[in-house]
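Residue strings, one per chain:
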Amino acid sequence: MTRVSSPCIRVCLIDPETGLCEGCGRTRDEIASWYRIPEEERRTIMAALPDRMREAFAVESPFAPRSDKAS
């Protein structure tokens, strides 16, 4: 049995304004159907989450790629 990819960080709180989970950035529908969504589609959704979180909450996503370059 393979493990399903998930962006969940166990901070499950749906923002009433955006409808997004404040922990991972998924919608209620995405969360509810996550284990029925094909892996390729889950990966596509997860790739969009950092931008979605930035736009919705004006913060960096906890799973956004970090730059190792010094500024």
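Structure's up top.
The rules behind the values
Residues numbered from 1 in each chain as written. Predicted model: local features only at pLDDT ≥ 70, side-chain atom pairs only at ≥ 80, totals over all residues. Heavy atoms only, no water. Helix = DSSP H or I, 4+ residues; strand = E, 2+ residues; numbered from the N terminus. Phe/Tyr/Trp six-rings, centres within 6.5 Å; stacked < 30°, edge-to-face > 60°. Lys NZ or Arg CZ within 6 Å of the ring centre and 35° of its normal. Expected span 1.5 Å × (residues − 1). Bend = angle between axes of the 7 residues up to and from the residue. Buried < 20%, exposed > 50% of the residue type's maximum accessible area, 1.4 Å probe, protein only. Contact = heavy atoms within 4.5 Å.

Trainee: Got a minute to help me understand unusual backbone geometry in this structure?
Mentor: The phi torsion of most residues other than glycine is negative, and most of the peptide bonds are trans. Even without glycine at this site, arginine 10 takes up a positive phi of about 65 degrees. Mapped onto the fold, arginine 10 is located in the segment before helix H1 (28-33).

Trainee: I keep staring at the packing of aromatic side chains and nothing clicks. Help me out?
Mentor: By convention here, two paired aromatic rings are described through the distance between centres and the angle between planes. Counted according to the given criterion, the structure contains zero aromatic pairs. Positioned above the aromatic ring of tryptophan 34 is the side chain of arginine 26, whose terminal nitrogen or guanidinium carbon lies 4.7 Å from the ring centre.

Trainee: What am I meant to see in helix H2 (residues 39-57) here?
Mentor: For an α-helix the count is 3.6 residues per turn, leaving residues at separations of three or four pointing the same way. Compared with the 27 Å implied by 1.5 Å per residue over 19 residues, the 26 Å span of H2 between its first and last C-alpha is a close match. A bend of about 40 degrees at leucine 49 is the largest found in H2, and the proline proline 50 appears one to four places after it. Looking only at H2, the buried set comprises Arg42, Ile45, Leu49, Pro50 and Met53. On its buried side, H2 packs onto H1. One or two positions beyond H2, positive phi appears at alanine 58, with a value near 55 degrees.

Trainee: Hey, could you run me through the environment of glycine 25 in this one?
Mentor: Within the element layout of this structure, glycine 25 appears in the segment before H1. By relative accessible area, which is 0% here, glycine 25 ends up buried.

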